[in-house]
Amino acid sequence: MTPEQILRDALRDAAVALGAPADFQPQLERPRDPSFGDWASNAAMLLARHLKRKPLEIAQDLVTRLDVAKAGVSEAYVAGAGFINFRLAAGAEARGLVDILAGGSTFGRSNEGEQRVVNVEFVSANPTGPLHVGHGRQAAIGDAISTLLEWTGWKVTREFYYNDAGVQIANLARSVQARVRELTTGVAEIPEGGYHGEYIREIARDYVAAHPGDAAGSDLEAIRAFAVSALRHEQDKDLQAFGVKFDVYYLESSLYTDGKVEETVRMLVEGGHAFEKDGALWLRTTDYGDDKDRVMRKSDGTYTYFLPDVAYHLVKWRRGFTRAINVQGADHHSTVTRVRAGVQALGMGIPQGYPEYELHQMVTVMRAGEEVKISKRAGSYVTVRDLIDEVGRDAVRYFLLMRKSDSQLVFDVDVARAQSEENPVYYIQMAHARVCGIFRVGEIDATAITGLNVGWGALVEDDERELVKALLGFPALVTAAARTLSPHLVASYLLETARLVHTWYHKHHVLGEPEPILSARLALARAAQLVLANGLSILGISAPERM
RNA sequence: GCGCCAGUAGCUCAGUUGGAUAGAGCGGCAGCCUUCUAAGCUGUAGGUCGGGGGUUCGAUUCCCUCCUGGCGCGCCA
């Protein structure tokens, strides 16, 4: 048992003896300020109301009844409004480092998901242009969430949904067609709602080169297929440069060719949730909390985007994904209610919160002190590729992950580039590299360190005890981040842990120290190396051994 | 007008079921390299946690209200 578990049990027993409910669960936390001890509990405050006594008195009674010698407690005392603080003897917690050393690259993993399956859909950009920085945020978040779920025992399928059907694709095809004709006529008539980017011109040139018989651009279907293929290829290259891999690419068009859309309509109509009005077919989404009903088949016979979305999630469910997470931009938040409504209306007993949505706020790109307007149609935006080329994959990943999804993100390209030597990701990587340097210079095989014969009591410095606590907290951090789908917690944790590593490294030497300090510090260095590398890998960031 | 998200140091942002003296990076100031990487460390300055109410032993955290910003409110996606 860890000291934490022993303390919790002892607190519960003492509290029950004082009259607390038998199911009382005392909470232990790491005090922000190390001067408040290694562990602290607010149990007395929580019991104050139930016992109708002052927190301070209860705390005092609890302390006198506690049997915590087993946990290595050197001191237990009451402080503040009724906190009980525990200070542990040197080495009492450091003993736990053997778990890190034994766990190695798997330390921090758990099996909370019990190998259940989950589908994580992200990026899902229309193949109408290169991936911009907003897609980059989705890629970074989606990939990190997927990894977090894998670390906590879920079987994850990373999925990319291609909206390769519908109005936007038609606009794309006609835009390319216009550029093809421009090559011979010199006049470009970009259609209403069309795309103006320079890449459209390039696709047009490539199309003509590949289809010399259609210099007039009369075969719109061929142009469409060519353009979609070209852009998918470009997006694949962007994702490859970013280091993101998908297990499944699902094509919206297949929902039509496989009859899934028709089947979905049939199910909704038969379920009695659809009605005709103004020549269109509507779904009564107000039955499921929407503020107005939604059209699913327009009066011209085509479908609105949301019907294939419902069909898609029907397919996801049937594929066995009892859990599905969609990572999308906040500009899609109106779809949440209606897609869920559609899924509910299918009457298949799919849970109400299906699918889950992880919406992230918008990314603003600053360049030269001015906001870069992101507009694919106007052809002005910053692509994922641009950012990777300018500041590197690791820095882009970290910057896009360091903020919680709910925060708007300002990505200042100039700052990211100019400060690339002093930004957080390098700080974290440097901490890892410095620790690696110890083993390299000392010519020590770090992988052979087990900690089994280490005298942990040698780790007496405050700096190393703080580091030990942080490292041991990694598994709980991973679990919390996975539960709340919050990769930014990992980013914050790594920054704080790197700070502790740098401080410790700077103040206390390892090589050349006498035993038992040498062995204990080598074990601590190895543990730090493993935790930093594991945390970085969750975010998809490399952990270089030297910089 | 309605809905969702946010407002914390000069800037960009963390803050884990409500906890003790609210933190980090960058920027500012003052220091530290014959010792495992100075891409580092130490110290210091900088805050009415948007304003105002409420809930309680205790509120940056929960509730109400107002202000400001972003996003959405389509037979677009």
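Residues numbered from 1 in each chain as written. Chains lettered and ligands numbered in written order. Predicted model: local features only at pLDDT ≥ 70, side-chain atom pairs only at ≥ 80, totals over all residues. Heavy atoms only, no water.

Colleague: Any chance you could explain the side chain of Glu 464 here in plain terms?
Modeller: The topology assignment puts Glu 464 in helix 17 (residues 462-472). Exposure remark for Glu 464: the relative accessible area of 0% places this residue in the buried category. Once residues within four sequence positions are removed from consideration, Glu 464 is found in contact with Ala 458, Leu 459, Trp 504, Arg 521 and Leu 524. (Helix = DSSP H or I, 4+ residues; strand = E, 2+ residues; numbered from the N terminus. Buried < 20%, exposed > 50% of the residue type's maximum accessible area, 1.4 Å probe, protein only. Contact = heavy atoms within 4.5 Å.)

Colleague: So what exactly am I meant to see when it comes to the sheet that holds strand 9 (residues 280-283) here?
Modeller: Within a beta sheet, neighbouring strands are joined by backbone hydrogen bonds and run either parallel or antiparallel to one another. The antiparallel open sheet is built from three strands, whose spatial order is 8-9-10. Taken across any chain shown, the strands that pair with only one partner, and hence form the sheet edges, are strand 8 (274-277) and strand 10 (294-297). Going across the sheet, the axis of each strand differs from the next one's by a mean of 45°, ignoring polarity. As paired strands, strand 9 and strand 10 are joined by three bridges and run antiparallel to one another. Looking at the pairing, Leu 281 lines up with Arg 297 of strand 10. The sheet contacts of helix 10 (residues 260-270) involve strand 8, strand 9 and strand 10, and relative to strand 9 the element is tilted by about 65°. (Pairing = 2+ DSSP bridges. Axes fitted to C-alpha atoms, helices over the stretch in contact; angles between N-to-C directions.)

Colleague: Would you mind showing me how to read the packing of helix 19 (residues 487-507) against helix 20 (residues 517-539) here?
Modeller: When two helices pack together, you describe them by how their axes are tilted relative to each other and by the distance separating the axes. At a minimum axis distance of 10 Å, the contact between helix 19 and helix 20 shows a crossing angle of 155°. The pairing of helix 19 with helix 20 is recorded here as roughly antiparallel in orientation. Every pair of crossing elements has a handedness; the one defined by helix 19 and helix 20 is left-handed. Residues Pro 487, Val 490, Ala 491, Tyr 493, Leu 494, Thr 497, Ala 498, Val 501 and Trp 504 of helix 19 touch helix 20, and the partners they reach there are Arg 521, Leu 524, Ala 525, Ala 528, Val 531, Leu 532, Gly 535, Leu 536 and Leu 539. Across the contact of helix 19 with helix 20, the residue classes break down as 15 nonpolar, two polar and one charged. (Parallel < 35°, antiparallel > 145°, perpendicular 65-115°, else oblique. Left-handed = near helix turned anticlockwise from the far one by under 90°. Nonpolar A, V, L, I, M, F, W, Y, C, P; charged D, E, K, R; others polar.)

Colleague: Help me understand helix 12 (residues 333-345) in this model?
Modeller: Since one α-helical turn is 3.6 residues long, residues separated by three or four positions face the same way. Given a rise of 1.5 Å per residue, 13 residues ought to cover 18 Å, and the 19 Å separating the end C-alpha atoms of helix 12 matches this to within 8%. Buried positions along helix 12 lie against helix 10, strand 9, strand 10, helix 11 (306-318), strand 11 (324-329) and strand 12 (356-360). Count one or two residues on from helix 12 and you reach Gly 347, which has phi positive near 65°. (Expected span 1.5 Å × (residues − 1).)

Colleague: Any chance you could explain unusual backbone geometry here in plain terms?
Modeller: Phi is mostly negative for residues that are not glycine, and the peptide bonds are mostly trans. In this model, Tyr 354 is joined to Pro 355 through a cis peptide bond whose omega is -10°. Along the polypeptide, Pro 355 turns up in the loop between helix 12 and strand 12. Note that the residue after Glu 515, namely Pro 516, is joined by a cis bond; omega there is 5°. Look at Val 123: it is not a glycine, yet its phi comes out positive at around 70°. Topologically, Val 123 is positioned in the loop between strand 5 (117-121) and helix 5 (133-151). Even without being glycine, Asp 278 reaches a positive phi, approximately 55°.

Colleague: What am I meant to see in the confidence of the model for chain A here?
Modeller: Atom-level detail of predicted coordinates should not be read off regions where pLDDT is low. Confidence in the prediction for chain A averages 90 pLDDT; 97% of positions are at 70 or higher. Mean pLDDT values for the elements of chain A range from 74 in strand 14 (residues 370-372) up to 97 in strand 5. Reported confidence for the predicted complex is 0.94 by ipTM and 0.94 by pTM. (pLDDT = per-residue confidence, 0-100.)

Colleague: Whenever I open this one, the pattern of salt bridges confuses me. Can you help?
Modeller: Once their charged atoms are close, side chains differing in charge can pair, the charge on each being opposite to the other. Applying the stated criterion across every chain, the model contains 33 salt bridges. Across the pair Glu 112 and Arg 483 runs a salt bridge whose closest N-O atoms are separated by 2.5 Å. Taken as a pair, Glu 112 in the loop between helix 4 (97-103) and strand 5 and Arg 483 in helix 18 (residues 474-483) lie far apart in primary sequence, 371 residues in all. We classify Arg 483 as exposed; its relative accessible area is 56%. A salt bridge links Lys 469 to Glu 466; the nearest nitrogen and oxygen atoms lie 3.2 Å apart. (Salt bridge = Lys/Arg side-chain N within 4 Å of Asp/Glu carboxyl O.)

Colleague: Is there a simple way to think about the protein's contact with RNA strand B in this case?
Modeller: Lining the immediate surroundings of RNA strand B are 64 residues, of which Phe 83, Arg 403, Arg 434, Tyr 505 and Met 547 lie closest. Among atoms of RNA strand B positioned within 4 Å of the protein, sugar and phosphate together represent 65%. Here Lys 292 contributes a side-chain N or O atom positioned 2.7 Å from a phosphate oxygen of RNA strand B. Note that a phosphate oxygen of RNA strand B is positioned 3.1 Å from one of the backbone N or O atoms of Gln 408. Elements that contribute at least two residues to the surface near RNA strand B include exactly helix 2 (43-51), strand 4 (83-88), strand 9, helix 12, strand 15 (409-412), helix 16 (424-442) and helix 19. Partitioned by chemical class, the residues of the surface near RNA strand B number 26 nonpolar, 22 polar and 16 charged. (Near = heavy atom within 4 Å. Polar contact = N/O pair within 3.5 Å; in protein donor to acceptor, adjacent residues only side chain to side chain.)

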